[in-house]
Amino acid sequence: MQIVLGTRIKALRAETGLSQEKFANKIEMDRTYLASIESGYRNVSLHNLKKIADGFDLTLSELFDGVE
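Description of the structure in this document.

What counts, and at which threshold
- Residues numbered from 1 in each chain as written.
- Predicted model: local features only at pLDDT ≥ 70, side-chain atom pairs only at ≥ 80, totals over all residues.
- Heavy atoms only, no water.
- Phe/Tyr/Trp six-rings, centres within 6.5 Å; stacked < 30°, edge-to-face > 60°.
- Helix = DSSP H or I, 4+ residues; strand = E, 2+ residues; numbered from the N terminus.
- Buried < 20%, exposed > 50% of the residue type's maximum accessible area, 1.4 Å probe, protein only.
- Salt bridge = Lys/Arg side-chain N within 4 Å of Asp/Glu carboxyl O.

1. Points about the packing of aromatic side chains
Part 1: Under the counting rule described, the total for this entry stands at 1 aromatic pair.
Part 2: Both rings, one in Phe23 and one in Phe56, keep their centres 4.5 Å apart while their planes meet at 15 degrees; by these two values the pair is stacked. Taken together, the positions of Phe23 in helix α2 (residues 20-26) and Phe56 in the loop between α4 (46-55) and α5 (60-63) put the pair 33 residues apart, joining distant regions of the chain. The exposure classification of Phe23 matches that of Phe56, with both residues buried.

Below, the structure is given as structure tokens:
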């Protein structure tokens, strides 16, 4: 699940045209932490998932679309 979610977050970020660094700065998160989420290595907290969803102007439910 972590890998699928990370892939989804990476794809959403690519759609915005933002680099990891620019998106991480936008959501006030360390770039290396975001990279570990996108690669599926990090078991991310609900708080940080909310920050990511907000950065994409999505609800948490929308962020998890297609993640099983």
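2. Brief notes about the pattern of salt bridges
Part 1: Tallied over the full model, the rule gives 2 salt bridges.
Part 2: Among the salt bridges present, the one from Glu38 reaches Arg13, with a minimum N-O distance of 2.6 Å. Pair noted here: Glu38 is in helix α3 (residues 31-38) and Arg13 is in helix α1 (residues 2-16), with a separation of 25 residues, a long-range link.
Part 3: When its relative accessible area of 6% is taken as the criterion, Glu38 is described as buried.
Part 4: Judged by its relative accessible area of 10%, Arg13 is buried.
Part 5: Among the ionic pairs, Asp54 bridges to Lys50, the shortest N-O distance being 2.8 Å. Of the two residues, Asp54 and Lys50 both sit in helix α4, 4 residues apart, roughly one turn of that helix.

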